[in-house]
Amino acid sequence: MSPASAPGKTLGRRAWEFEEKVVKEMEQQEAKKVMLSGIQPSGDLTLGSYLGAIKNWSSRAEQFDCYYFMADLHAITVRQDPALLRRRTLEQLAQYIACGLDPERNTLFVQSHVPQHAELGWVLNCYTMFGELSRMTQFKDKSAKNADNINGGLFTYPALMAADILLYQPDYIPVGEDQKQHVELTRNIAQRFNGIYGDVFKIPEPYIPKVGARIMSLTNPTSKMSKSDNGDTGRVTLMDDPAHIMKQFKRAVTDSDTQNCVRYDPENKPGVANLMTIYSAVTGKSMAEIEAEFDGLGYGAFKPAVGEAVVETLRPIREKAQRLIADKAYLEGVYRAGREKASYAAQKTLRKVYKKVGFLAP
Ligand code: TYM
């Protein structure tokens, strides 16, 4: 007899229904999807990292179990000043929080604090092919820019990134366009491993924004706005003051169109298309709306308008980040709590992997 049909048991039935509801809710909670991403503290966070990645991370904590970290292990594939790296790692945490990531509802941590990343990274190196690594465009770009330091870490970096991801069994990886190739390689590595040992890893999906996935340099609109490229004078960072941001936008490269026409044409007008993308990403307006807004007004009106919209978007972030940076003890508390939660999840996967590959239990 089902509990619902038990005679004269109205109270009992209610209790049963209540229990069923609680179990269902618990199951839903357990089945909450996981989102994960990271950024290298190799430079000050730019408008590109914000629009391509972080903006997509915030306000997800309702739906997802979220893990976000400072990828310091990755940062040392290029030489870093140790004191600067430490400072940037802490400031990056403050900026994550200032961008809307509530540490009570998101797990925020430092990659090097969770040794399972390096441990799984080594294992996955042994399941990643030389040919696959050789095809990574980021490796080709970075080795061209750091010709005097093409080290092994720079080459095997995608296997460590696969470990960062697969440790947490995530569903979605919110990243900008340039990281899509690495997430795809992660999927291949996971599928290869699962093919040998059974279902160990969940296969994650890249989650790339429709607008803002690739923000270009303001002075060289055919190359990506980069936080670590010292030659890039066309970047805007989250901590820049309003006057500097306005200056950057006023001198942004457009084109020689004598009509000064604000039209979305990435191939023929890459500078204008980039500015329109930025404006669209921060205001939510469509390209058609932007074209109509600046019809006949020209670049002289358009460029400062984009600058102002960016200033207003970044103002609360910068102000909050400045307050947080001044409170080192608070930030330390956040990353320590984050390490604990992250290690717990990571160790569960690592234990499984070690057993599958045949390591003797300690
Ligand atoms: P990184 O540190 O180069 O960039 C961080 C994030 O910002 C995005 N991004 C951009 N998006 C749009 N336009 C731009 N100009 C721009 N510049 C940067 C990047 O796509 C990225 O999402 N390998 C990663 C860090 C990493 C990681 C991970 C990411 C390490 N482990 C695991 C996800 C999951 C990197 O170098 O990103």
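Since we're looking at a predicted model, the values are computed, not measured. (Residues numbered from 1 in each chain as written. Predicted model: local features only at pLDDT ≥ 70, side-chain atom pairs only at ≥ 80, totals over all residues. Heavy atoms only, no water.)

**Some remarks on the domain arrangement of the protein chain**
Interface size is commonly expressed as the accessible area that is lost once the parts come together. You can read the domains of the protein chain as domain 1 (33-214 + 327-352) and domain 2 (242-324). Here the C-alpha centroids of domain 1 and domain 2 sit 30 Å apart. If you look at the interface, domain 1 gives 16 residues, while domain 2 gives 15 residues. Together, the buried faces of domain 1 and domain 2 total about 1,100 Å²; carbon and sulfur atoms form 77% of this surface. Looking at the side of domain 1 facing domain 2, the largest losses of area belong to Leu47, Ala98 and Val211, adding up to 41% of the total buried there. Across the domain 1-domain 2 interface, the total number found is 0 salt bridges. One can count 2 residue pairs in polar contact (both at pLDDT 80 or more) joining domain 1 with domain 2. (Domains from an automatic or database assignment. Contact = heavy atoms within 4.5 Å. Buried area = accessible area lost by both parts, 1.4 Å probe. Salt bridge = Lys/Arg side-chain N within 4 Å of Asp/Glu carboxyl O. Polar contact = N/O pair within 3.5 Å; in protein donor to acceptor, adjacent residues only side chain to side chain.)

**Quick word on helix H14 (residues 328-357)**
With 30 residues, H14 ought to run about 44 Å at 1.5 Å a step, and its terminal C-alpha atoms sit 41 Å apart, in line with that. Within H14, the full set of buried residues consists of Leu331, Val334, Tyr335, Gly338, Ala342, Ser343, Ala345, Ala346, Thr349, Leu350 and Val353. Directly beyond the C-terminal end of H14, a positive phi value near 105° is found at Gly358. (Helix = DSSP H or I, 4+ residues; strand = E, 2+ residues; numbered from the N terminus. Expected span 1.5 Å × (residues − 1). Buried < 20%, exposed > 50% of the residue type's maximum accessible area, 1.4 Å probe, protein only.)

**Here we look at the site of the ligand**
Around the ligand, 28 residues are found, and the nearest of them are Gln40, Tyr157, Asp164, Asp178 and Lys227. Between Gln179 and the ligand, the recorded distance is 3.0 Å, taken from a side-chain N or O atom to a nitrogen atom. Contacts to the ligand include Met225, whose backbone N or O atom sits 3.0 Å from a nitrogen atom. When isolated, the ligand has an accessible area of 710 Å², and the protein chains bury 97% of it. (Near = heavy atom within 4 Å. Areas by Shrake-Rupley, 256 points an atom, 1.4 Å probe, with all protein chains shown as cover.)

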